[in-house]
Amino acid sequence: MTELKALVRSIPDHPKPGIIFRDVTTLLADPAGLSGIVEAMAAPYKGKGFDAVAGIDARGFILGGAIALALGTGFVPIRKRGKLPFDVHREEYSLEYGVDEVEIHVDALPGNPRVLLVDDLLATGGTALASAR
């Protein structure tokens, strides 16, 4: 895991002073790093009965899609407001530097499925909490 963490670039004061942005593009560009992070993130959930993986816009799509493939499930995108073309559920959340909203298609997760929620990192937790709601 230390090798994987070393592949994540930290950018201070982005997008505003006091924020340390964790840039995963350096991890994703490394074939062994990408494979390693997907396997590490999927392993605890194999055989646990998840019906779908939901990934949060936009970097959660990259890891979420790969994790869904590793778990043998479908993938559902959770997008920023205004990006989905159909009827949506919408939830507001706070982040370090403001307020935003996430959306999911109303028919994306029918019934009462077990869903694994994936994002690339956790800062305040606002996006993940809004997505879970």
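The structure we're discussing is the one just above.
This structure is a prediction, so every number in the text was calculated from the model and none was measured. (Residues numbered from 1 in each chain as written. Predicted model: local features only at pLDDT ≥ 70, side-chain atom pairs only at ≥ 80, totals over all residues. Heavy atoms only, no water.)

(A) Structural view of the sheet that holds strand 4 (residues 74-80). Ordered by their spatial adjacency, 5 strands build an open sheet running 5-6-4-3-7, and the pairing between neighbours is mixed. The two strands at the open ends of the sheet, each matched to only one other strand, are strand 5 (88-95) and strand 7 (115-118). Recorded for the sheet is a direction-independent mean angle of 25° between the axes of neighbouring strands. Bridge analysis of strand 3 (residues 52-56) against strand 4 gives 5 bridges, and the strand direction is parallel. Paired with Ile56 across the bridge in strand 4 is Ile78. (Pairing = 2+ DSSP bridges. Helix = DSSP H or I, 4+ residues; strand = E, 2+ residues; numbered from the N terminus. Axes fitted to C-alpha atoms, helices over the stretch in contact; angles between N-to-C directions.)

(B) Quick peek at the pattern of salt bridges. Applying the stated criterion across every chain, the model contains 6 salt bridges. Linking Arg9 and Asp23 is a salt bridge whose minimum nitrogen-to-oxygen distance equals 2.8 Å. Taken as a pair, Arg9 in strand 1 (residues 9-12) and Asp23 in strand 2 (residues 20-23) lie far apart in primary sequence, 14 residues in all. Its salt-bridge partner being Glu39, residue Lys46 comes within 3.3 Å of it at the nearest N-O pair. (Salt bridge = Lys/Arg side-chain N within 4 Å of Asp/Glu carboxyl O.)

(C) Seen up close, the environment of Leu117. Mapped onto the elements, Leu117 comes out in strand 7. Among residues more than four places away in sequence, those in contact with Leu117 are Ala54, Ile56, Ile78, Ala128, Ser131 and Ala132. (Contact = heavy atoms within 4.5 Å.)

(D) Molecular detail of helix 4 (residues 59-71). Compared with the 18 Å implied by 1.5 Å per residue over 13 residues, the 19 Å span of helix 4 between its first and last C-alpha is a close match. Within helix 4, burial applies to Gly60, Leu63, Gly64, Ile67, Ala68 and Leu71. In an axial view of helix 4, the angular spread of the buried residues amounts to 140°, which keeps them on one side of the axis. Once helix 4 ends, the next one or two residues include Gly72, with phi positive near 75°. (Expected span 1.5 Å × (residues − 1). Buried < 20%, exposed > 50% of the residue type's maximum accessible area, 1.4 Å probe, protein only. Arc of directions from axis to C-beta.)

(E) The packing of aromatic side chains, seen in detail. Per the counting criterion, the structure on display carries 2 aromatic pairs. Ring centres of Tyr45 and Phe50 lie 5.7 Å apart, and the angle between their planes is 80°; this geometry places the pair in the edge-to-face category. The exposure class assigned to Tyr45 is partly exposed, which follows from its relative accessible area of 32%. An angle of 80° between the planes, with centres 6.1 Å apart, marks the rings of Phe61 and Phe75 as edge-to-face. Here the residue Phe61 occupies a position in helix 4, and Phe75 occupies one in strand 4, the gap between them amounting to 14 residues. Using a relative accessible area of 23% as the deciding quantity, one classes Phe61 as partly exposed. The ring of Phe50 has Arg114 lying over it, and the distance from NZ or CZ to the ring centre is 4.7 Å. (Phe/Tyr/Trp six-rings, centres within 6.5 Å; stacked < 30°, edge-to-face > 60°. Lys NZ or Arg CZ within 6 Å of the ring centre and 35° of its normal.)

(F) Quick peek at the environment of Asp120. With respect to the helices, strands and loops of the structure, Asp120 is situated in the loop between strand 7 and helix 5 (126-132). Given the relative accessible area of 14%, Asp120 is considered buried. Put simply, Asp120 and Pro44 are 76 residues apart on the chain and 16 Å apart in space, counted from C-alpha to C-alpha.

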